[in-house]
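A structural walkthrough
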Amino acid sequence: MKKIFMAIVVLCTGVLGANAQEYETPSDEISVSWGLGSGPMIADAFASGLTGSTEYAMQTGNISAQYMHNLTKTLGIGVTASFEGLTSKKNETTKEDLSNNYICVMPTARAYWFRKSNIGMYSRVAAGVTFNSFDYLDSKDGKTVKESKTETGFAWQVSPVGLEIGSNKVSGFLEGGFGYQGLVIAGVRLGI
């Protein structure tokens, strides 16, 4: 009985010691994510709803790729590139498919406020440039003509709460925020 008790104590000590080990932060990380509810798409949906001009719309959601270099165990900097598209079928009179495509490039900073071996919580901010290319209808000389235009603007994302679960090699994450990547962002991160 004494040997069994000692074996259990040794086993428990080993498990607790393994869980208490410090998280080994990878020097570099890459991630891919998908976001829903970005600022531009909410604005487009709201404008279409007010005018009643959209019959239906197809959104890609925000698709992002990110590179991060960890300066310390809690602070990382990097760059995020993202794409989001919206195609809408206009009302019965025009019968035109119109589209908006947003491509963003944003320097990014992330700070962990809690990090253990398999779980971490962080905040992330990003700000940069967006390239918006869109097709629209324009009336000229009594005719409706489809035209294309590209604009450049300011892009940003603030994610006050991010949750990461996994190892330093592979982890999944979920963020809540607002901006050009969305209200909810889910993805996979790889330590390299």
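The following refers to the structure shown. The numbers attached to residues start from 1 for each chain and follow its sequence in the written order. For this predicted model, a pLDDT threshold of at least 70 governs which residues receive local features, and a threshold of 80 or more governs which side-chain atom pairs are given and counted, while totals over whole chains, interfaces and linings are taken from all residues. Side-chain figures throughout are based on the complete set of non-hydrogen atoms in the structure, without hydrogens or water.

1. Notes on the overall build of the protein chain
The helix and strand inventory of the protein chain stands at 2 helices and 9 strands. By the criteria applied, helices consist of DSSP H or I runs no shorter than four residues and strands consist of E runs no shorter than two, each listed in order from the N terminus. Traced from its N-terminal end to its C-terminal end, the protein chain shows the element sequence α-β-α-β-β-β-β-β-β-β-β. Classification of residues uses two cut-offs on accessible area relative to the type maximum, computed with a 1.4 Å probe and protein chains only: under 20% is buried, over 50% is exposed, and between them is partly exposed. Within the protein chain, the fraction of its 192 residues that count as buried is 32%. At a minimum sequence separation of 6, the contacts of the protein chain that also span at least 24 residues come to 60%. Per-residue accessibility takes into account occlusion by the displayed protein chains alone, with areas from the Shrake-Rupley method and a 1.4 Å probe. For the protein chain, the computed accessible surface area is about 11,100 Å², with 68% contributed by carbon and sulfur atoms. Contact criterion: two residues are considered in contact whenever any of their non-hydrogen atoms come within 4.5 Å of each other.

2. A short note on the nonpolar core
Side-chain atoms within 4.5 Å are what join buried Ala, Val, Leu, Ile, Met, Phe, Trp, Tyr and Cys residues into a set we call a nonpolar core. If you look at the biggest cluster of nonpolar residues, it comprises 8 residues: Met41, Leu86, Tyr102, Cys104, Met106, Ala126, Ala155 and Tyr180. Of all the elements, strand β5 (residues 97-115) adds the most residues to this core, at 3 residues.

3. A closer look at the pairing of strand β1 (residues 28-36)
Here a strand pair is declared whenever DSSP counts at least two bridges between the two strands. Alignment of β1 against strand β3 (residues 62-70), held across 8 bridges, turns out to be antiparallel. Residue Val32 lies in a different strand from β3, and its bridge partner there is Ala65.

4. A closer look at the side chain of Ser82
Of note, Ser82 is situated in strand β4 (residues 75-90). You can call Ser82 buried: its relative accessible area is 4%. If sequence neighbours within four positions are ignored, Ser82 has contacts with Asn62, Ile63, Ser64, Tyr102, Ile103 and Cys104.

5. Some thoughts on the packing of aromatic side chains
Planes of paired rings set the category: under 30 degrees apart is stacked, over 60 is edge-to-face and the rest tilted, where pairs are Phe, Tyr or Trp rings (Trp by its six-membered ring) whose centres lie within 6.5 Å. Following the criterion strictly, the structure yields 2 aromatic pairs and no others. Look at Trp156 and Phe178: their rings are 5.9 Å apart centre to centre, the planes differ by 70°, and that puts the pair in the edge-to-face class. Note that Trp156 is positioned in strand β7 (residues 143-166) and Phe178 in strand β8 (residues 170-179), a separation of 22 residues in sequence. The class of Trp156 is partly exposed, set by a relative accessible area of 31%.

6. Points about the side chain of Glu29
The topology assignment puts Glu29 in strand β1. The buried category is assigned to Glu29, whose relative accessible area is 3%. Among the polar contacts listed, one links the side chain of Glu29 to the side chain of Arg110, at a separation of 2.8 Å. If sequence neighbours within four positions are ignored, Glu29 has contacts with Gln66, Tyr67, Met68, Asn70, Arg110, Arg115, Arg189, Leu190, Gly191 and Ile192. Under the rule applied, a polar contact is a pair of N or O atoms within 3.5 Å (in protein, one hydrogen donor and one hydrogen acceptor; residues adjacent in sequence only if both atoms are side-chain atoms).

7. Comments concerning the pattern of salt bridges
What counts as a salt bridge is simple: a side-chain nitrogen of Lys or Arg found within 4 Å of a carboxyl oxygen of Asp or Glu. According to the stated counting rule, one finds 7 salt bridges in the structure shown. Residues Glu29 and Arg189 are paired through a salt bridge, measuring 3.7 Å at the closest nitrogen-oxygen approach. Of this pair, Glu29 sits in strand β1 while Arg189 sits in strand β9 (residues 184-191), and the two are 160 residues apart along the sequence. Assigned by exposure class, Glu29 and Arg189 land together as buried. In this structure, the salt-bridge partner of Glu164 is Arg189, at a minimum N-O distance of 2.3 Å. With Glu164 in strand β7 and Arg189 in strand β9, this pair connects stretches of sequence that are 25 residues apart. In the salt-bridge network here, residues are joined through shared partners; they are Glu29, Arg110, Arg115, Glu164 and Arg189.

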